[in-house]
Amino acid sequence: MDFEFTVDGVRQTISLDRKDDCISIRHGDKTLEAEVRVISKQAVSLLVGGRSFLVIVARDKDKKYVWLNGRTYLIQRGKEEQRLAERGDDRAQKGKSVVTSPMPGKVVKVNVSENEAVRKNQTLAVVEAMKMENEIKSPLEGFVKKIYVSPGDLVDSEKPLLELEPK
Amino acid sequence: MFKKILVSNRGEIACRIIRACREMGIASLAVYSEADRAGLHVQLADEAVCIGPPPAVESYLNMDRIIETARTSGAEAIHPGYGFLAENPEFARRCERAGIVFIGPNSRALDLVGDKIRARQAMEKSGIPIIPGMKHVAADFAECAAEARKIGYPVMIKASAGGGGKGMRIVCSEEELRPSLESGQREAKSAFGDESVYLEKYIEDPRHVEFQVLADNYGHIVHLFERECSIQRRHQKIVEETPSQALTPELRRKMGETARKVLEVAEYNNAGTVEFLLDRNKKFYFLEVNARLQVEHPVTELTTGVDLVQQQIRIAAGEKLSLKQENLAQRGHAIECRIYAEDPSNNFLPSSGKILFLREPMGPGIRHDGGIYGGWEVPIYYDPILAKLIVWAETRESACARMAAALDDYVILGISTTIPFLKEVISHPQFHKGETTTGFIKSYFENWRQNQGPAEGLTLALAAAALDELSPSQKVEKAAGLEKEVYSPWQMLGRWRIGEKP
């Protein structure tokens, strides 16, 4: 049975086949045999050639956080472009540049105004979260097309702050 | 001894203090903002009272409300933890006036050490070495520019009411001075309600070495040795250890004696920390007194066997210090890692959200001071510290190995944390050599990204994700019509139940 995921923007296809207590895992050109024991709703123990792995999975909507050997993988269902388009995310479209807040917080300052020319890495706005000020820098050289927020606004992560027009 | 203590803090430190109260047979009263109703400190305490809306100024910094709560609920003392009202002389004074014991230094000592400039003046007068720089608040930009030229670039902007790296900026040239001053003042204003700043010579690549001190109300002062806190990002400590690799027994004795003298000069009581910068030539300078329980206090507890929070409570209750300097010794080595809700591969941006899964590391010599649990939503309003992982071992080498293994066992899913970053810091060859300075992160971890890891890891992680697609709770979602059912995987792979073979 085939599953499709996206990890770090790369599409990954994996296929599982059950054989008694074991599953055979096919990923790219590799095949692994694992004996599986479900430990809890979030934990599964895998034995691969006698080596023991505990894998912990937590899901949040279309994302899965998978922990294995001290490392956390962020695994998303389906393909990246498709996901962005489904969410109506502007980054799926080319030629437009929407600057978003990297985390939830409060806008403390908007340093630019509409139609203003901006340099790359110029500070566009300052968002405060958890008592730290974070400068939002321009990803490109161009003009400010539209500003969506004003100081004092609370913003969610990935919420558009302003829109730029590349030069 | 007190019968009830109000803990005017939240998160891991409130939990730490509540536990100390419980062990001493003292009832604990937690206060919380509307954003913290589900906080761990509320769950642990004997009593809990809501003190206002989420913003700290309306809750954890609301002095009237907190003192009133202590009064009406019969708490005889308030423990402020760190941050919020911990070093606020006005709060200590109001407690004194209301007849409530403030578990911390007296308000006069707080006044002095909280004013970085007055403290610099007083210490210099008593022959304690200070960092060259201004001994008064900067009046305007012109004066700053003139002073900076006099001190010589690079200079450091510091908040007069400062602490925790808030308002601090390094300035390398006059061109950078104005924007750095503006943002430093703004940050200081928002963190302390006071925008005054001053300039100091910036000491390049120093070590940050601090001494833990305890003083009772009768002038008896002991120090509990040093903590090295050089591993910092944004001027905030993230890894602390004791003993420091930089101190010889002679230097340790000298700095310890200086730390005791600093407290004497400030007429200080209760627990405090005297911070020093140690330059490349092993010359030390007084930096400031942190007039509170420090975040990193556990490493001292593990190596000296002294419970600092219990000592604070005993001193505040008027007990005499039973510890004697000559009986105090360091045993073994302890390291602390601060676990922050931050994304280390994206400039340490705060990361809030729900903790979907939590597994704290366990084992010999491992201590976890946390304020979190699985299912808890990390609020955006407060400092992003989640927990502290502390290990003790006989030697520094075993302590490093123990910390690396414990970080490997530590699972927090749903938000970004500093765990993978800390693992690499602890495992870095320079760290192993004890070559830790405040420039460590900038030198070796600038623009850090986690490496890919073994390919097999990704394969197994994907397999687990695929298995998760088939788990019963996903099935329930589908049955409830929350998701379109395309096919039933159960018929193909069989149902997987907890504790059951496939």
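Residues numbered from 1 in each chain as written. Chains lettered and ligands numbered in written order. Predicted model: local features only at pLDDT ≥ 70, side-chain atom pairs only at ≥ 80, totals over all residues. Heavy atoms only, no water.

Parsing chain A into structural domains produces domain 1 (2-81) and domain 2 (94-166). Each of domain 1 of chain A and domain 2 of chain A was reduced to a C-alpha centroid, and the two centroids are 37 Å apart. (Domains from an automatic or database assignment.)

Okay, the state of the cysteines next. Residue and element names in this part refer to chain B. One pass over the structure, following the stated rule, counts zero disulfides over all chains. Looking at the unpaired C21, the closest cysteine sulfur is the one in C15, lying at 12 Å. With no disulfide partner, C172 has as its closest neighbouring cysteine sulfur the one in C144, 16 Å distant. (Disulfide = S-S within 2.5 Å.)

With that settled, the discussion passes to helix α8 (residues 174-192) of chain B. For α8(B), which comprises 19 residues, the first-to-last C-alpha distance of 26 Å matches the rise-based estimate of 27 Å (1.5 Å per residue) to within 8%. Residue S180(B) marks the point of greatest curvature in α8(B), where the axis turns by about 25°. For α8(B), every residue scored as buried is listed here: L177(B), S180(B), L181(B), S183(B), G184(B), E187(B) and A188(B). Each element contacted by the buried residues of α8(B) is listed here: β13 (132-137) of chain A together with α7 (141-151), β6 (155-159), β7 (169-171) and β8 (197-201) of chain B. Downstream of α8(B) by one or two residues, G193(B) has phi in the positive range, about 70°. (Helix = DSSP H or I, 4+ residues; strand = E, 2+ residues; numbered from the N terminus. Expected span 1.5 Å × (residues − 1). Bend = angle between axes of the 7 residues up to and from the residue. Buried < 20%, exposed > 50% of the residue type's maximum accessible area, 1.4 Å probe, protein only. Contact = heavy atoms within 4.5 Å.)

On to the confidence of the model for chain B, then. In this model, chain B carries a mean pLDDT of 92, and residues with pLDDT of at least 70 account for 93%. In the predicted structure, residues 481-492 of chain B sits below a pLDDT of 50 and forms 18 contacts with residues beyond four places in sequence or in another chain. (pLDDT = per-residue confidence, 0-100.)

Right, let's get into the sheet that holds strand β16 (residues 160-166) of chain A. Residues and elements named next belong to chain A. The strand order β9-β16-β14-β11 describes an open sheet built from four strands, whose pairing is antiparallel. Strands at the two margins of the open sheet, each flanked by one partner only, are β9 (97-100) and β11 (117-118). Examined bridge by bridge, strand β14 (residues 142-147) and β16 share five bridges and lie antiparallel to one another. Bridging across to β16, F143 finds its partner in E165. (Pairing = 2+ DSSP bridges.)

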